[in-house]
Each structure stands twice: as C-alpha cells, then as structure tokens.
Amino acid sequence: MPVVNRIADYAEDMKTWRRHLHQHPELQFECHQTAAFVVERLKEFGVDEIHEGIATTGVVAIINGQGEGPTIGLRADMDALPMQETTGLDHASTISGAMHACGHDGHTTMLLGAARYLAETRKFNGRVALIFQPAEEGGGGAGVMVDEGIMETFGINEVFGIHNVPGLEPGHFYSKPGPIMAAVDTFHINIQGRGGHGAYPQETADPIVAAVGIVNAIQTIISRNHDTRNEAVCSVTMLHSGSADNIIPDTAYVGGTIRTFTPEVQDMIHARLREIAAGQAAAYNVEADVNIEIGYPATVNNAEKVDFAAEVAREVSGEAAVDPNTGMEMGAEDFSYMLNARPGAYFFLGQGESAGLHNPNYDFNDEVSPVGASFFARLVEKSQPLT
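### Quick word on the sheet that holds strand β3 (residues 71-77)
With respect to topology, eight strands assemble into an open sheet ordered β1-β2-β4-β3-β5-β16-β6-β15, the strand pairing being mixed. The strands lining the two open edges of the sheet, one partner per strand, are β1 (49-54) and β15 (322-323). Direction of pairing for strand β2 (residues 58-64) relative to strand β4 (residues 127-133): antiparallel, over a ladder of six bridges. Each residue of the ladder has a partner; that of valine 59, found in β4, is phenylalanine 132.

Have a look at this one:
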C-alpha cells in the first residue's frame, strides 16, 4: 500500500503506542491515562498548542501550517468497552473488565502518527486541529466536545473521522454521501399489574400477558406502519418479569433499541410505541409507562467532503480499494454530533480478518495504522495545500 513514506518509518513506533494503549483501556469520560499518554506524545512531536480537559479528558492539539488558511479537524476516539478480554495476547488488557474491543486504541494511534508527520513536515497552509475524544461508547463525548465549543474556539471549518472494519481487506476504504450510520434511541416500557397466586389468575391483572402482547404488537411497526423504502429497525431486546413458577408478578419490563435515518421515521416509531403500549395496557387492565431515551443522531456525511476524502483514499490505497458509495449501516456513532456542527465525512478502513467489533477476542491490526495516518495527513495537505 503506497502510504506516505515518512509515516511508514513510524510503523514500529505506532505499534508500540497502540499496544501500550491496548494494555491500559479506560472507559467513557475517564480516559485520564490515555489522554496523558497522548499529550506526552504530542509534546514530543512539537505541536503548537495542546488543550486538555475538554469533555473531562478530551484533548485538542493545534499544528500550524506555513501560511494563512482555514482549520481542518481530525478526530479519534479514545475510550474502551466494559468487557473482559479473552485474546491471551502479550499486549492484552491489564485492566479487569475493560478492553479495547472496538479499535479506538488504533484510531488514536493513527491520529498520533498523522500528528507526528504534520508537525515535522508542515506541508500545508492554515491549521489542523487534532481531536482526541473520550466517551464514544455510550457517553456521547463528541456531543459534549461540540457543546463545549471546540468548533468555534478552534475555528474548525470541516471535520473527518475513521473507523476500522474487521473482515474488509486491509487498507480498503468505504463511505457514502448522506446518511451512513443510524440514529439510535432506547425504549423502556414498565408495566404495572396486580400479582397473585399462579393458581388463581382470575384474581390478578397479569403484566406478563400484557408484556407479550406489547412485544408482538411492536413487530407490526416496521412491517405495517413503515415505508419499506426507508431503512429502520425497532428491536425488542429485553423482557423481564417474574421470580417463581407459581407467582404471577406485579410488574414486567420490555426494552429495546430503535435505529432510524430521518426525524420523520423516528417520530413515527416513537408515537407507535406509545400507542401500542397504551392500547395493550388497556386491553389487559394494567398500566404501561413508556420512556424513550434519545441517543446519537444519524451520522450524515457531506457529499462534497466524501468525494474529496475518497480521492485522498485512492492516493493512499489505490482506485480499486475505495468504495465511495456503500450502503447505510444500522450501527450508531457519536461523530454525528461533529458532522451536525461542521461539514465533513466519516470513512471506514479495512483491517483484515479478525474477530468482530465488541468481541472479547478482537484486536486491532497494527499493519493498517500507517494507512490511516497517511489518510489523515493527506487530507490536510490536499485540502489546504501550499501555494
């Protein structure tokens, strides 16, 4: 793969950085050691500014180019997952119950590699803002950083991010204009009935029967209320109730996830969930309380930025290795908050055959770190070239 030669020289250093990060995972906003490691490397590289403590442990570093110009933002997420690693690798997690099972250690490493190169060469005008973000895995750290004003404070005009993909050939890229990842919401339905002896059901208001009715009716939202030409998911993932085989309980719980790409579809699913729960509750003489947690919005790429970034990816990996018009994915990503604030693009980078993301046997492929770092670096040089 024709990565930037100077970045290829960093490959062993990048492997060392990445494996150190993998051994020391941190969760959500508590990325203190990770941020300290990032800051130490950035100081070694000689970046111009380092701003710490954004969204608790987020870091933004600034590298100035050789002349006046705009500021491009490059983002990497830093947090790990609350999982027990089972790889048995020499560089496996040393923290019980936490591991880098989504490759954020690799994302951070790729941005560090780009930072080292850009600080050394400065073959661009304007500035680059290197965004090291905590709490992608459920905390919405990108949204917090945006709310704390990073786009305005650092004058960021456009923003780009990468995520690794197991199963895709190493060094291959894909993305698409418009929505690429779904909005995610979580629903909770708490059912209050009247329990009693399992031998005398006529004396109860059975919440389990109501819960089953609600679950069955939810299956009609996508199949009967939704235009099948628009992608959406509404999945029941939890049904909890009961404690013994001869007791009808007082309560039941139904929970699940909603994935959508447009506010109209999102609103429809929310409304139908409430209507179904109310109707089934009335039918079974129980009460149902519906709580819907609004999560990350859809990740929506700017079409022009996708075209531009695809051109850069072709430079790095070749024409055949870049798909700029792939399908949408039902997973969610808090980089969506940054794309809502500024135009940009989110690209996926193949890391070859491995265990899947969020799997206790997953490990990032260090061979693709120079590829991602080259992509980041060339985005800067091509978007803000020297004149």
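### Regarding the packing of aromatic side chains
The full count for this structure, using the stated rule, is nine aromatic pairs. Residues tryptophan 17 and phenylalanine 45 carry aromatic rings whose centres are separated by 5.6 Å and whose planes lie at 45 degrees to one another, so their mutual orientation is tilted. Residue tryptophan 17 is located in helix α2 (residues 11-23), and its partner phenylalanine 45 is located in helix α3 (residues 32-45); the two are separated by 28 residues in the primary sequence. A residue is classified by how much of its surface remains accessible, and tryptophan 17, at 8% relative accessible area, is buried. Here a set of aromatic residues connected by ring pairs shows up, and it is made of Phe173, Phe347, Phe375 and Phe376. One cation-aromatic arrangement involves arginine 41 over phenylalanine 37; the distance from NZ or CZ to the ring centre is 4.6 Å.

### Considering α3
Between its first and last C-alpha atoms α3 spans 20 Å; for 14 residues at 1.5 Å apiece the expected length is 20 Å, and the two agree. Residues of α3 that are buried include every one of Thr34, Ala35, Phe37, Val38, Val39, Arg41, Leu42 and Phe45, and no others. On its buried face, α3 sits against α2, β1, β2, α4 (104-121) and β4. A positive phi of about 80 degrees marks glycine 46, the residue just after α3.

Reading the values: rules and limits
- Residues numbered from 1 in each chain as written.
- Predicted model: local features only at pLDDT ≥ 70, side-chain atom pairs only at ≥ 80, totals over all residues.
- Heavy atoms only, no water.
- Pairing = 2+ DSSP bridges.
- Helix = DSSP H or I, 4+ residues; strand = E, 2+ residues; numbered from the N terminus.
- Phe/Tyr/Trp six-rings, centres within 6.5 Å; stacked < 30°, edge-to-face > 60°.
- Buried < 20%, exposed > 50% of the residue type's maximum accessible area, 1.4 Å probe, protein only.
- Lys NZ or Arg CZ within 6 Å of the ring centre and 35° of its normal.
- Expected span 1.5 Å × (residues − 1).
- Contact = heavy atoms within 4.5 Å.

Nothing here speaks to function; it is geometry throughout.
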